[in-house]
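# Commentary on secondary and tertiary structure
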Amino acid sequence: MGEEKPKSAGVWPTVKPFVNGGASGMLATCVIQPIDMIKVRIQLGQGSAADVTKTMLKNEGVGAFYKGLSAGLLRQATYTTARLGSFRILTNKAIEANDGKPLPLYQKALCGLTAGAIGACVGSPADLALIRMQADATLPAAQRRNYTNAFQALYRIAADEGVLALWKGAGPTVVRAMALNMGMLASYDQSVEFFKDSLGCGEATTVIGASTVSGFFASACSLPFDYVKTQIQKMQPDATGKFPYTGSLDCTMKTLKSGGPFKFYTGFPVYCVRIAPHVMMTWIFLNQIQKLEKKAGL
């Protein structure tokens, strides 16, 4: 009996963090997709949240808010699966190395940085497809790519621009993911301690309060990188075949010169509203999934 546990423990406990992470991220995305769509349109200069919403409803209908959902789900199935799964593996290994003691905040932040980078590398192609599908309706009819779904988008990008084009903007995507995870995990852990230990809040209040705080800091840390990433991923060559930016650094310098530092925080309220609920619902869904697994003996 004692030797059967290691055999059963070999596969599922290793795979479970990845499965749970991906499933919780995909469920959260189904709820957040409309807000994410509005955020992208704001970053592309189509006006305020109210203006964008009215224009989309009037010209494109309700379905426009879910354009790119397949790419969003694919992104969560890759990015969040790799991010949360690798974070759990990394923290478990770190706890083992720490003789089972709780990790200090800086070690959790380092695990978050690493997990964010891993997740972003895996999820970058789906993220590129998502941005292009969301931005497509803002382009002149002649320049629209008209991808039918995420998989067709990935196929066409690879066929027309080369396989490496699937990782266009991967640099800022990785940096953004590292910044987001550092802000999210560090502030979340601190907030949990504050709400639970200092204020004596219950589980539900602690999760909601801590995830809202962590969502704000995740937004503040990652939005500048998200803005640059979006600009790089959606750019198209002009009539002479020249792209507006040569890379993320060029985009950063030109944006800073033309709009100042606050230009990078274009759409911050909507971005924050989008990130905070996604963080919150990801944790809630993850908690519920884990409860169901315990009931099922998994």
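None of these values were measured; they are calculated from a predicted model.

Basis of the calculations
- Residues numbered from 1 in each chain as written.
- Predicted model: local features only at pLDDT ≥ 70, side-chain atom pairs only at ≥ 80, totals over all residues.
- Heavy atoms only, no water.
- Helix = DSSP H or I, 4+ residues; strand = E, 2+ residues; numbered from the N terminus.
- Rg over C-alpha atoms; globule rule 2.2 N^0.38 Å.
- Buried < 20%, exposed > 50% of the residue type's maximum accessible area, 1.4 Å probe, protein only.
- Contact = heavy atoms within 4.5 Å.
- Areas by Shrake-Rupley, 256 points an atom, 1.4 Å probe, with all protein chains shown as cover.
- Lys, Arg positive; Asp, Glu negative; His and termini not counted.
- Charge placed at Lys NZ, Arg CZ, Asp CG, Glu CD.
- Patch = residues over 30% accessible without salt bridge, like charges linked within 9 Å, V, L, I, M, F, W, Y side chains within 5 Å.
- Salt bridge = Lys/Arg side-chain N within 4 Å of Asp/Glu carboxyl O.
- UniProt positions renumbered as here; feature names shortened; annotations may be inferred.
- Phe/Tyr/Trp six-rings, centres within 6.5 Å; stacked < 30°, edge-to-face > 60°.
- Axes fitted to C-alpha atoms, helices over the stretch in contact; angles between N-to-C directions.
- Parallel < 35°, antiparallel > 145°, perpendicular 65-115°, else oblique.
- Core = buried A, V, L, I, M, F, W, Y, C linked by side-chain atoms within 4.5 Å.

What follows is about the overall build of the protein. Counting its regular elements, the protein contains 10 helices and zero strands. Relative to a compact globule of 298 residues, whose C-alpha radius of gyration would be 19 Å, the protein shows 20 Å and is just as compact. With the C-alpha coordinates aligned to their principal axes, the bounding extent of the protein is approximately 70 × 45 × 35 Å. With 298 residues in all, the protein has 46% of them scored as buried. By sequence separation, contacts in the protein at least 24 residues apart represent 77% of the contacts at least 6 residues apart. Total accessible area on the protein is roughly 14,800 Å²; 66% of this is exposed by carbon and sulfur atoms. Computed over 31 positive and 19 negative side-chain charges, the separation of the two mean positions in the protein equals 5 Å.

On to a nonpolar patch on the surface, then. Taken together, Val11, Val15 and Val19 make up a surface patch of nonpolar side chains, about 230 Å² in accessible area. Topologically, valine 11 is positioned in the loop between helix 1 (4–9) and helix 2 (12–43).

Attention shifts here to the UniProt feature "repeat: Solcar" (unreviewed entry) in the protein. Per the UniProt record, "repeat: Solcar" (unreviewed entry) is found at residues 12–93, 103–194 and 202–292. Measuring from the first to the last C-alpha atom of residues 12–93 gives 17 Å, for a span that is 83% helix and 0% strand. As annotated, residues 202–292 comprises 76% helix and 0% strand, and the C-alpha atoms at either end are separated by 21 Å.

Taken as a whole, this structure holds five aromatic pairs when the rule is applied. Measuring from centroid to centroid gives 5.9 Å for phenylalanine 216 and phenylalanine 268, while their planes differ by 85°, and the two rings are edge-to-face. Separated by 52 residues along the polypeptide, phenylalanine 216 in helix 8 (residues 203–234) and phenylalanine 268 in helix 10 (residues 268–295) bring together distant segments of the chain. Under the relative-accessibility criterion, phenylalanine 216 is labelled partly exposed at 40%. For the ring pair tyrosine 265 and phenylalanine 268, a centre distance of 5.9 Å and an interplane angle of 70° mean the geometry is edge-to-face. Among the aromatic side chains, those forming a connected cluster through ring pairs are Phe216, Phe217, Tyr265 and Phe268.

Attention shifts here to the environment of lysine 295. On the secondary structure map, lysine 295 appears in helix 10. When the C-alpha positions of lysine 295 and proline 261 are compared, they lie 50 Å apart, and in sequence the two are 34 residues distant.

Here the focus is the packing of helix 7 (residues 170–198) against helix 8. Closest axis-to-axis distance for the helix 7/helix 8 pair is 7 Å, and the angle between their directions is 170°. Relative to helix 8, the element helix 7 lies roughly antiparallel.

Here the focus is the nonpolar core. Among the nonpolar cores identified, the biggest contains 24 residues, and Leu180, Met184, Ile275 and Trp283 are the most heavily contacted of them. Elements with a minimum of two residues in this core: helix 4 (69–97), helix 5 (105–135), helix 7, helix 8 and helix 10. Core analysis: the second largest hydrophobic core is formed by 14 residues, Ala129, Met133, Ile157 and Ala165 among them.

Once that is clear, we can look at the side chain of serine 214. Along the polypeptide, serine 214 turns up in helix 8. Discounting residues that sit within four places of it in the chain, serine 214 has contacts with Gly183, Met184, Ser187, Tyr188 and Val279.

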